[in-house]
Amino acid sequence: MSLVDNAVYVDGHRTASPVSLDETFELLREHQGMAWIGLYRPNAEDVRTVAREFDLHELSVEDALSGHQRAKLERYGTTLFMVLRPARYLDDVEKVEFGELHIFVGPDFVVTVRHAESPGLAKVRRRMEASPELLAKGTQAVLYAILDQVVDEYAPVVAGLENDIDEIEDDLFGGNPDVSRRIYELHREVIEFQRATQPLDQMLGSLERGSDKYDVELELQQRLRDVHDHVIRVVDRVNAFRALLQNALSVHSTLVAQRQNEEMTRLTETSLAQNEEVKRISSWAAILFAPTLVGAVYGMNFDYMPELEWVFGYPFALALMVGIGVGLYVVFKRLKWL
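A. Seen up close, the nonpolar core. Residues L84, I103, I146, L147 and F193 are the most contacted members of the largest nonpolar core, which totals 60 residues. In this structure, L147 is in contact with M82, L84, L204, L207, L224 and V227, ignoring residues within four places of it in sequence. Core analysis: the second largest hydrophobic core is formed by 20 residues, V47, A64, F81 and V83 among them.

Below is the structure:
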């Protein structure tokens, strides 16, 4: 069911828990209290039923139905419409899961439309019902409590991201081949977290500036300022995370380039060493080939050959072999092939 919790409050106390929206509207008019309606992934008919009863602006209703909205704050007459992007850190997969929460706040009603498991609004309701003096301050008190819960749930996300970044810094210099993929994934999560948290600074500032105009009690103003301070700290941390990851990407690129240069240098040195070996082998092959060639020529069994019957033919052949070999050795030595 899309109607997960539904109650009418009078002077901070829960006086009725209607089982349907129609009953809620009837009891609200009867008791002149405050209705707090919690919807979880509602269908279009439920949202439009609420919209007709509380005269919600059609643009805000369309936003609540379509979802996938950025964090924002809009006011339509006496109705405040707010979109929040809650988040939670999943330890088992080391990832951040983002949700979406739409809040309609009027003089005597609060309607929450939740599109994800987070935040835990049942916890908010229990806390507020345990403090009837705070709940008696009306719909602005409920809005404060929801904001406080959403911002509090950012703390484990910040801690989880910080731990992931520490692990990346270790892997960065440890030669982990998957570190680049992890950096890009984490960078994408941080950017999305930044988009969820950064608008809250301006949104809460706008609520604070409108406190006098809309008769928000001093205690609630102080509580909102406290939530605003927490938001500023979260935003600062997220901005720092993004800067760290950008630096990590730069360092990783530098390390990759350095490793590639080292590999190229090693391959070049190996190639040069192999080339030197080829030069030595070729040089000795040429030196040994010269006497082989001379011996092969003079070993042919032809009747008519120069110096064949010359008395110094044999010493000359030997001297020619040695001379050619020595000459080649000197040449290759000067070329530094040997």
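B. Just the pattern of salt bridges, in detail. Evaluated as defined, the whole model comprises 18 salt bridges. Among the salt bridges present, the one from K137 reaches E217, with a minimum N-O distance of 2.9 Å. With K137 in the loop between helix 5 (132-135) and helix 6 (139-152) and E217 in the loop between helix 8 (179-209) and helix 9 (218-298), the pair connects residues that are 80 residues apart, well separated along the chain. For E217, a relative accessible area of 37% gives the class partly exposed. A salt bridge links R182 to D164; the nearest nitrogen and oxygen atoms lie 3.2 Å apart. Placement of R182 in helix 8 and of D164 in helix 7 (residues 154-172) is noted, with a sequence separation of 18 residues between them.

C. Highlighting a nonpolar patch on the surface. On the surface, W284, V322, V326, Y329 and V330 cluster together into a nonpolar patch covering about 450 Å² of accessible area. The greatest single-element share of the nonpolar patch, amounting to four residues, is contributed by helix 10 (residues 313-334). For V326, a relative accessible area of 47% corresponds to the partly exposed category.

D. Spotlight on the packing of helix 4 (residues 121-129) against helix 6. At a closest axis distance of 10 Å, the pairing of helix 4 and helix 6 adopts a crossing angle of 130°. When the interaxial angle is binned, helix 4 and helix 6 end up oblique. Crossing geometry of helix 4 relative to helix 6 is assigned as right-handed. Contact residues: L121, K123, V124, R127 and M128 in helix 4; A141, V142, Y144, A145, I146, D148 and Q149 in helix 6. Each residue belonging to the contact of helix 4 with helix 6 can be placed in one class, and the counts come to eight nonpolar, one polar and three charged.

E. Representation of the pairing of strand 2 (residues 13-16). The sheet contact formed by strand 1 (residues 3-10) and strand 2 spans three bridges and is antiparallel. Counterpart to V8 in the pairing with strand 2 is A16. What sits between the antiparallel neighbours strand 1 and strand 2 is a turn of two residues, in which D11 has the positive phi angle 55°.

F. A look at helix 3 (residues 58-66). Turning to helix 3, its buried residues are S60, V61, D63 and A64. Angular distribution of buried residues about the axis of helix 3 spans 160°; they occupy a single face of the element. The secondary structure elements touched by the buried residues of helix 3 are helix 2 (44-54), strand 4 (72-76), strand 5 (79-84), strand 8 (101-105) and strand 9 (109-114). Residue G67 follows helix 3 closely and has a positive phi angle near 70°.

G. Examining helix 2 more closely. For helix 2, the full list of buried residues reads D46, V47, T49, V50, A51 and F54. Of the residues flanking the end of helix 2, it is D55, one or two places downstream, whose phi is positive at about 55°.

H. The arrangement of the sheet that holds strand 3 (residues 34-40) in detail. Here seven strands make up an open sheet; going across it, the order is 2-1-3-9-8-5-4 and the pairing mixed. Unpaired on one side and paired on the other, strand 2 and strand 4 mark the two borders of the sheet. Across the sheet, the mean angle separating the axes of adjacent strands is 20° when strand polarity is ignored. Here strand 3 pairs with strand 9 via six bridges, running parallel. Bridge pairing links L39 to V113 in strand 9.

I. Seen up close, the packing of aromatic side chains. What the rule picks out here adds up to six aromatic pairs. Between the aromatic rings of Y9 and W36, the centroid separation amounts to 6.2 Å while the plane-to-plane angle is 45°, which identifies the pairing as tilted. Taken together, the positions of Y9 in strand 1 and W36 in strand 3 put the pair 27 residues apart, joining distant regions of the chain. When sorted by exposure, Y9 lands in the same class as W36, which is buried. Taken together, the aromatic side chains of F25, F54 and F109 make up a single cluster linked through ring pairs. Positioned over the ring face of W36 is R125, at 4.2 Å from the centre of the ring.

Rules behind the numbers
- Residues numbered from 1 in each chain as written.
- Predicted model: local features only at pLDDT ≥ 70, side-chain atom pairs only at ≥ 80, totals over all residues.
- Heavy atoms only, no water.
- Core = buried A, V, L, I, M, F, W, Y, C linked by side-chain atoms within 4.5 Å.
- Buried < 20%, exposed > 50% of the residue type's maximum accessible area, 1.4 Å probe, protein only.
- Contact = heavy atoms within 4.5 Å.
- Salt bridge = Lys/Arg side-chain N within 4 Å of Asp/Glu carboxyl O.
- Helix = DSSP H or I, 4+ residues; strand = E, 2+ residues; numbered from the N terminus.
- Patch = residues over 30% accessible without salt bridge, like charges linked within 9 Å, V, L, I, M, F, W, Y side chains within 5 Å.
- Areas by Shrake-Rupley, 256 points an atom, 1.4 Å probe, with all protein chains shown as cover.
- Axes fitted to C-alpha atoms, helices over the stretch in contact; angles between N-to-C directions.
- Parallel < 35°, antiparallel > 145°, perpendicular 65-115°, else oblique.
- Left-handed = near helix turned anticlockwise from the far one by under 90°.
- Nonpolar A, V, L, I, M, F, W, Y, C, P; charged D, E, K, R; others polar.
- Pairing = 2+ DSSP bridges.
- Arc of directions from axis to C-beta.
- Phe/Tyr/Trp six-rings, centres within 6.5 Å; stacked < 30°, edge-to-face > 60°.
- Lys NZ or Arg CZ within 6 Å of the ring centre and 35° of its normal.

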